[in-house]
Amino acid sequence: QVQLVESGGGLVQAGGSLRLSCAASGIIFRIDAMGWYRQAPGKQRELVAAVTSGGSTNYADSVTGRFTISRGNAKNTVYLEMNSLKPEDTAVYYCNARLRRSYSSAYADYWGQGTQVTVSS
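We now examine unusual backbone geometry. A positive phi angle, near 50 degrees, is found at Ser84, a position not held by glycine. Note on placement: Ser84 falls in the loop between β8 (77–82) and β9 (91–100).

Attention now goes to the packing of aromatic side chains. One pass over the structure, following the stated rule, counts 2 aromatic pairs. Considering the side-chain rings of Phe29 and Tyr103, the 6.1 Å spacing of their centres and the 85 degrees angle between planes classify their relative orientation as edge-to-face. Of this pair, Phe29 sits in the loop between β3 (18–26) and β4 (30–39) while Tyr103 sits in the loop between β9 and β10 (108–111), and the two are 74 residues apart along the sequence. Relative accessible area serves as the criterion here: at 42%, Phe29 is assigned to the partly exposed category. We classify Tyr103 as exposed; its relative accessible area is 66%. When the ring of Tyr37 is compared with that of Trp111, the centres are 5.0 Å apart and the planes differ by 70 degrees; the resulting orientation is edge-to-face. Here Tyr37 is found in strand β4, whereas its partner Trp111 is found in strand β10, with 74 residues between them in sequence. Assessed through its relative accessible area of 23%, Tyr37 is described here as partly exposed. In this structure, Arg45 packs its charged tip against the face of Tyr94, placed 3.7 Å from the ring centre. Its guanidinium or amino end placed over the ring of Trp111, Arg45 lies 4.7 Å from that ring's centre, counting from NZ or CZ.

Tallied over the full model, the rule gives 5 salt bridges. For Arg38, the salt bridge goes to Glu46, with nearest N and O atoms at 2.8 Å. Judged by relative accessible area, Arg38 falls into the buried class, the value being 6%. Within the structure, one salt-bridge network assembled from shared partners comprises Arg38, Glu46, Arg66 and Asp89.

Reading guide: rules and limits
Residues numbered from 1 in each chain as written. Predicted model: local features only at pLDDT ≥ 70, side-chain atom pairs only at ≥ 80, totals over all residues. Heavy atoms only, no water. Helix = DSSP H or I, 4+ residues; strand = E, 2+ residues; numbered from the N terminus. Phe/Tyr/Trp six-rings, centres within 6.5 Å; stacked < 30°, edge-to-face > 60°. Buried < 20%, exposed > 50% of the residue type's maximum accessible area, 1.4 Å probe, protein only. Lys NZ or Arg CZ within 6 Å of the ring centre and 35° of its normal. Salt bridge = Lys/Arg side-chain N within 4 Å of Asp/Glu carboxyl O.

The structure is reproduced here in structure tokens:
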């Protein structure tokens with residue numbers, strides 16, 4: 001089994017900051033990339049930011065310059081530093097990891113349970 005456990009969500013005023021954390025555990029051979037997605041009520045889940053095992057990052061246009069994704073020293077962890085938060089950032093944030101569980105297995109996507117981020121105006 002692979003588990004992704006998120007933490008760090010909460011309620012913050014517009015202009016404030018939050019830091020999300022995610023740790024993957026279980027039988028993991030290799031992690032190709034980790035990232036954060038979000039889903040607001042009535043909307044589709046969207047990519048917020050992602051980072052590859054090589055350190056390349058990708059951000060949604062709406063968060064570029066405000067959010068920073070990083071991997072921990074333990075490469076099974078990922079963080080999302082969110083600054084200058086806006087009410088439109090309100091959503092459930094999900095951690096994602098694309099990984100292989102063994103040398104012979106294919107890459108697959110795993111998801112955390114989600115953490116609520118609410119930004120008040």
